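# Coordinates in review
If you want the building blocks of each chain, they are given just below.
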Amino acid sequence: MLAACLCVVVPSAEQSLADVARNTESARNASAGRPRPKVYTNKDLSAVDHMPPAPTPPKSTPTASQPAPSDSQGLPDVKSEAYWRARMRPLRERLESARALADETKRRAETLMRSADRCFMIGVVCADYTESLRLTEEHKTLVAEVERAQRDVAALEEEARRAGVPPGWVRE
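Notes on the structure in this doc start here. (Residues numbered from 1 in each chain as written. Predicted model: local features only at pLDDT ≥ 70, side-chain atom pairs only at ≥ 80, totals over all residues. Heavy atoms only, no water.)

## What to know about the overall build of the protein
Secondary structure assignment for the protein yields five helices and zero strands. Listing the helices and strands of the protein from first to last along the sequence gives α-α-α-α-α. Within the span of the protein, comprising 172 residues, buried residues form 16% of the whole. The long-range fraction of contacts in the protein, counting pairs at least 24 apart against all pairs at least 6 apart in sequence, stands at 61%. Surface summary for the protein: the accessible area is close to 14,000 Å², and the carbon and sulfur share equals 60%. (Helix = DSSP H or I, 4+ residues; strand = E, 2+ residues; numbered from the N terminus. Buried < 20%, exposed > 50% of the residue type's maximum accessible area, 1.4 Å probe, protein only. Contact = heavy atoms within 4.5 Å. Areas by Shrake-Rupley, 256 points an atom, 1.4 Å probe, with all protein chains shown as cover.)

Pasting the structure below:
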C-alpha cells in the first residue's frame, strides 16, 4: 500500500515532448560537420514557374470520305462495346455448348457403366459396357474441345485487356 502511494506522490522523471524536441533541435545544431538540410516552404513553391500542360492531339472523327473502322465481318467500330460483345458471344456460346455436351456425355457414360456393372455381377456381358466405353472416349474429345474454347475466350479477354477495353464489355 505504501509503495502504491509513493508512486502516485513522486513526480515522473520522464521527459515531456517539448523537452525531446528541444534536445533534438540542439543536437541538429551541434552537428557542424554536416550541412543543414534544405526545408522547402510555400514561398519556395510559388517561385517555381508553372509549366503549361502538354497539348493533346485532336481526335479525328470519321467523315463521309472516311468510313468508320470495322472488320471484314461488318462489325461496328473496334472501340465500341458492341464490337467486343459481338466477338465474344460466339466464343462463349461455343464454350457453353461444349461444356454442356461434355457433361451430358459423361453422365450418360457413367449411367451405362453402372448398368454394365450390374450385368457383370450376374455374369452377363451387355451392350451398355461397349457404349459406355465409346461415350468415355467421346467425352475425352469433348473435354479437349472445352479446353480449346476456354483458351479462345481467354485469348480474346487478353486482347481486350491490352486494348484497354473495360472488362464488363467482354463478360456476359
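Text resumes after the structure shown.
## Overview of the packing of aromatic side chains
Considering all chains together, one arrives at one aromatic pair under this definition. Ring centres 5.3 Å apart and planes at 85° place the aromatic pair tyrosine 83 and tryptophan 84 in the edge-to-face group. Of the two residues, tyrosine 83 and tryptophan 84, both sit in the buried class. (Phe/Tyr/Trp six-rings, centres within 6.5 Å; stacked < 30°, edge-to-face > 60°.)

## Some remarks on the side chain of serine 115
Within the secondary structure, serine 115 sits in helix α4 (residues 81-121). Given the relative accessible area of 17%, serine 115 is considered buried. Other than its neighbours up to four places away in sequence, serine 115 contacts Cys126 and Asp128.

## Thoughts on the nonpolar core
Judged by nonpolar contacts, the single largest core of 15 residues is most densely connected at Trp84 and Met88. Looking at this core, the elements with two or more residues in it are α4 and α5 (127-162). The leading source of residues in this core is α4, at seven residues. In this structure methionine 88 touches Val153, Leu156, Glu157 and Val170, once residues within four positions along its chain are discounted. (Core = buried A, V, L, I, M, F, W, Y, C linked by side-chain atoms within 4.5 Å.)

## Side note on α5
Spanning 36 residues, α5 covers 53 Å between terminal C-alpha atoms, matching the ideal 52 Å at 1.5 Å per step. Every buried residue of α5 is listed here: Ser132, Leu135, His139, Leu142, Val146, Ala149, Val153, Leu156 and Ala160. Turning to α5, the residues buried within the fold contact α4. (Expected span 1.5 Å × (residues − 1).)

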